[in-house]
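Commentary on secondary and tertiary structure
Given next are the chains, with one letter for each unit.
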Amino acid sequence: MEPINVVNSVITPLDRKNVDTDQIISKEFLKRIERTGFGEFLFHHWRFDEQGNENPDFVLNKPEFKNSQILVAQDNFGCGSSREHAPWAILDYGFRVVIAPSFADIFHNNCFKNGILPIKLTEAECDDILAKGQEKPYNVEVNLAAQTVTGEDGQVYNFNIDPYYKEMLLNGWDEIALTFKYEDAIAAYEAKRIAF
């Protein structure tokens, strides 16, 4: 995984609650066996009409948000089925950070395991950021080491994160990489346990 420390980007304000994993990546796009290539299908039924034309009113289709790395949404983001394809699609599209007041547990954990930083801010804080981002493009800096989200207007929002996941993201480690940190101890243990 790519390490995350500081992400500086305009936000994409997705002012919706209960965004479920089928809306993030619809079931008809789950046929791929690799983790890449899902970004083009992110929020497909909101981004495109039945003829495949872009919906100009949907936030991801607005030019000012095309290179955004920070998605901001409302309560209960990532609810629904546990499909890991949802964070794959978010990351493949280009988002490194998702900010919301709450996340579905499995989606939340899957974000960490796939190199995405899910940040929980209060509902009022998310409303504030969303309102600023809807008024005009609003740039923020996410600093994982400092655990802050700082708006271009100087407003600072603090967030909490489990130290285990913080270390993973700062170093770009997945759970397999974490295991390799203890490779010498594992080898020593195995050497003491000779099979007969």
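Residues numbered from 1 in each chain as written. Predicted model: local features only at pLDDT ≥ 70, side-chain atom pairs only at ≥ 80, totals over all residues. Heavy atoms only, no water.

1. Brief notes about the overall build of the protein
- When helices and strands are counted, the protein shows eight helices and seven strands.
- Here the C-alpha coordinates of the protein stretch approximately 65 × 40 × 25 Å along the principal axes.
- Residue burial in the protein is summarised as follows: out of 196 residues, 45% are buried.
- In the protein, the proportion of contacts linking residues at least 24 apart, taken out of those at least 6 apart, comes to 65%. (Helix = DSSP H or I, 4+ residues; strand = E, 2+ residues; numbered from the N terminus. Buried < 20%, exposed > 50% of the residue type's maximum accessible area, 1.4 Å probe, protein only. Contact = heavy atoms within 4.5 Å.)

2. A short note on the packing of helix 3 (residues 85–93) against helix 4 (residues 105–113)
- Orientation of helix 3 relative to helix 4, taken along the N-to-C sense of each, is 50°, at an axis distance of 9 Å. Classified by the interaxial angle, the pair formed by helix 3 and helix 4 is oblique. Here helix 3 and helix 4 pass one another in a crossing that is right-handed. When helix 3 is examined against helix 4, the residues Ala-86, Pro-87 and Ile-90 are found in contact with a partner set consisting of Phe-107, Asn-110 and Cys-111. (Axes fitted to C-alpha atoms, helices over the stretch in contact; angles between N-to-C directions. Parallel < 35°, antiparallel > 145°, perpendicular 65-115°, else oblique. Left-handed = near helix turned anticlockwise from the far one by under 90°.)

3. Describing helix 5 (residues 123–135)
- In a regular helix each residue adds 1.5 Å, so 13 residues correspond to 18 Å; helix 5 covers 18 Å between its end C-alpha atoms and thus fits that length.
- Next to the buried residues of helix 5 lie strand 1 (6–13), strand 2 (70–72), strand 3 (97–100) and strand 7 (156–158). (Expected span 1.5 Å × (residues − 1).)

4. Some remarks on the environment of Asn-61
- As for its placement among the helices and strands, Asn-61 is situated in the loop between helix 2 (44–47) and strand 2.
- Here Asn-61 falls in the buried class, since its relative accessible area comes to 7%.
- When the C-alpha positions of Asn-61 and Asn-139 are compared, they lie 18 Å apart, and in sequence the two are 78 residues distant.
- Apart from the residues within four sequence positions on either side, Asn-61 is in contact with Arg-47, Glu-54, Asn-55 and Lys-66.
- Separated by 2.8 Å, the side chain of Asn-61 and the backbone oxygen of Arg-47 make a polar contact.
- Reaching out from Asn-61, the side chain makes a polar contact with the backbone oxygen of Asn-55 at a distance of 2.8 Å. (Polar contact = N/O pair within 3.5 Å; in protein donor to acceptor, adjacent residues only side chain to side chain.)

5. Describing the sheet that holds strand 3
- Read from one edge of the open sheet, seven strands run 4-3-2-1-5-6-7, paired in mixed fashion. Here the strands that pair on one side only, and so sit at the sheet edges, are strand 4 (117–120) and strand 7. Neighbour to neighbour, the strand axes of the sheet diverge by 25° on average, direction disregarded.
- Here strand 5 (residues 139–143) runs beside strand 6 (residues 148–151); their pairing, made up of four bridges, is antiparallel. Directly across from Val-140, in strand 6, lies its bridge partner Gly-151. (Pairing = 2+ DSSP bridges.)

6. As for the nonpolar core
- The biggest cluster of nonpolar side chains holds 32 residues, and the ones touching the most others in it are Leu-14, Ile-24, Leu-42, Phe-43, Phe-77, Ile-90 and Phe-107.
- Sorting the residues of this core by element identifies helix 3, strand 3 and helix 4 as the ones contributing at least two each.
- Ranked by the residues each element gives to this core, the list is headed by helix 3, at five residues.
- Apart from the residues within four sequence positions on either side, Leu-42 is in contact with Ile-24, Arg-47, Leu-60, Ala-89, Ile-90, Tyr-93 and Phe-95. (Core = buried A, V, L, I, M, F, W, Y, C linked by side-chain atoms within 4.5 Å.)

These values are about where atoms sit, not about what they do.
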